[in-house]
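# Chain and residue survey
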Amino acid sequence: MATVRSTGWIDAPVNTVGAALRHTRTAERGLGASRVVRGRAAAGTGELFVPGDEITFRLPPAGLSVGMRMRLERADAQALSSVLVQGPLRQLRHESMLAGTNRRTLVTESLEWTAPFGAFGRLVATAVLRRWILGMLAQRIGTVRALAQEWARRPVVVGTAIVHRGRLLAQQRHYPARHAGRWELPGGRVEPGESEHDAVVRECKEELDLEVVPTGRVGTDVPIGGEPSAAGVSAGGMLLRLYTAEPAEPSPAPRAVEHRALRWVDASELARLDWLETDRLLVHSLRRLLHRH
Ligand SMILES: Nc1nc2c([nH]c(=O)n2[C@H]2C[C@H](O)[C@@H](COP(=O)(O)OP(=O)(O)OP(=O)(O)O)O2)c(=O)[nH]1
């Protein structure tokens, strides 16, 4: 098996870098001039990839234009990975591993493949592919850096994944008109000078009349809105960041203070709710969270 690895530091939190790795622009820029076609696993999931999505592209090195199809297996704040489902290699796996802090993130990109036709095939594949892959990975890290560093400057909206007895608390909006009837997680904008933890606690009190204790984070961040600028990088907008939290009381009784309805949902019901588009991108991470409880 052949491996090519490339690393880079990015001045943005690990959850934000995870979001940038999922952006369709990252795949498209990384693959350079080759035509990229997306197959979406879920409707309404916008510009971030979700597990199950497929990318079809052509390998561009001179004299070797072959079609490849990769399927995304994982997309969270620790790793993004995809595997070959169709193409001329016996096996191909792409992984982006993330490690870091609230400020800086180390991205380690790796591609592992097994070529057909024994030693000869290995030699040809390595000679042709290695240089192209290194260039592709460097481009990819550059795109991720530009997106993540811009998103890291955005105002944060916290969302809260409150889990109790294996179920997640979702709430249905009744305003504004374009969001009415759709489901989201408790939360809202972090106020100036407020910590994200404090915002989680305040919003849950305001919206649900419920005391919660934040316990960690889940999923990647998700950009909300933002206009594309001349440089092709979006500007403005906000960043949704999910926290996990537990009710402070053993028998929580949340009330829909500002919302139309509340519902405790289990893992099998998650995908069926009509989530806001940003939240739909986090359903796979919320499902994993529920399976862990
Ligand atoms: N609270 C919350 N907002 C979300 C989620 N997903 C999502 O796209 N958003 C968007 C909707 C809004 O544009 C923005 C947050 O606004 P908001 O109305 O909930 O909170 P806010 O504190 O800014 O406003 P408000 O409570 O004073 O009305 O983030 C989510 O899961 N929870």
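Here's a quick rundown of the structure.

Conventions and cut-offs
Residues numbered from 1 in each chain as written. Predicted model: local features only at pLDDT ≥ 70, side-chain atom pairs only at ≥ 80, totals over all residues. Heavy atoms only, no water. Helix = DSSP H or I, 4+ residues; strand = E, 2+ residues; numbered from the N terminus. Buried < 20%, exposed > 50% of the residue type's maximum accessible area, 1.4 Å probe, protein only. Lys, Arg positive; Asp, Glu negative; His and termini not counted. Charge placed at Lys NZ, Arg CZ, Asp CG, Glu CD. Pairing = 2+ DSSP bridges. Core = buried A, V, L, I, M, F, W, Y, C linked by side-chain atoms within 4.5 Å. Axes fitted to C-alpha atoms, helices over the stretch in contact; angles between N-to-C directions. Contact = heavy atoms within 4.5 Å. Salt bridge = Lys/Arg side-chain N within 4 Å of Asp/Glu carboxyl O. Polar contact = N/O pair within 3.5 Å; in protein donor to acceptor, adjacent residues only side chain to side chain.

The subject of this paragraph is the overall build of the protein. On a plain count of helices and strands, the protein comes out with 6 helices and 17 strands. Considered along the principal axes of its C-alpha atoms, the protein spans approximately 65 × 40 × 35 Å. When the 293 residues of the protein are sorted by exposure, 50% land in the buried category. Side chains of the protein give 40 positive and 31 negative charges; the mean places of these two sets differ by 9 Å.

Moving on, we get to the pairing of strand 16 (residues 238–247). Counting buried positions along strand 16 yields 8 of 10 residues, so the element is predominantly enclosed. The pairing of strand 8 (residues 156–164) with strand 16 spans 7 bridges and is parallel. Looking across to strand 16, one finds that Ile162 is bridged to Ala245. Relative to strand 16, strand 12 (residues 212–217) runs antiparallel, the two sharing 5 bridges. Within the sheet, the bridge partner assigned to Pro214 lies in strand 16 and is Ala245. In this structure, strand 13 (residues 222–224) lies alongside strand 16, joined through 3 bridges in antiparallel fashion. Directly across from Pro223, in strand 16, lies its bridge partner Leu239.

To continue, consider the nonpolar core. Counting 62 residues, the largest nonpolar core has Trp113, Leu168, Trp275 and Leu286 as its most contacted members. For this core, the element with the highest residue contribution is helix 3 (residues 118–151), accounting for 9 residues. Judged by nonpolar contacts, the second largest core, of 13 residues, contains Val158, Val200, Cys204 and Ala245.

Before going further, it helps to spend a moment on the sheet that holds strand 7 (residues 105–114). With respect to topology, 7 strands assemble into an open sheet ordered 1-7-6-5-4-3-2, the strand pairing being antiparallel. The open sheet has two free edges, formed respectively by strand 1 (2–10) and strand 2 (37–39), since each of these has just one partner strand. This sheet shows a mean twist of 20° between the axes of neighbouring strands, independent of strand direction. Where helix 1 (residues 14–22) meets the sheet, it contacts strand 1, strand 4 (66–75), strand 5 (79–86), strand 6 (91–100) and strand 7, and its direction lies at approximately 155° from that of strand 6.

On to the side chain of Arg22. Note on placement: Arg22 falls in helix 1. Buried charge without a partner: Arg22 forms no salt bridge, and the closest opposite charge is Asp53, 7.3 Å away. One polar contact links Arg22 to Thr220, side chain to side chain, over a distance of 2.9 Å. Sequence-distant contacts of Arg22, that is, excluding residues within four places in its chain, are made with Glu47, Leu48, Phe49, Val50, Ala75, Leu80, Thr220, Leu281, Leu282 and His284.

For the rest of this paragraph, the subject is unusual backbone geometry. In this chain, Tyr175 is followed by Pro176 through a cis amide linkage whose omega measures -15°. Along the chain, Pro176 falls in the loop between strand 9 (167–172) and strand 10 (183–184). Even without being a glycine, Arg165 presents a positive backbone phi close to 50°. Within the fold, Arg165 resides in the loop between strand 8 and strand 9. If you check the backbone angles, Asp209 has positive phi at about 55° while not being a glycine.

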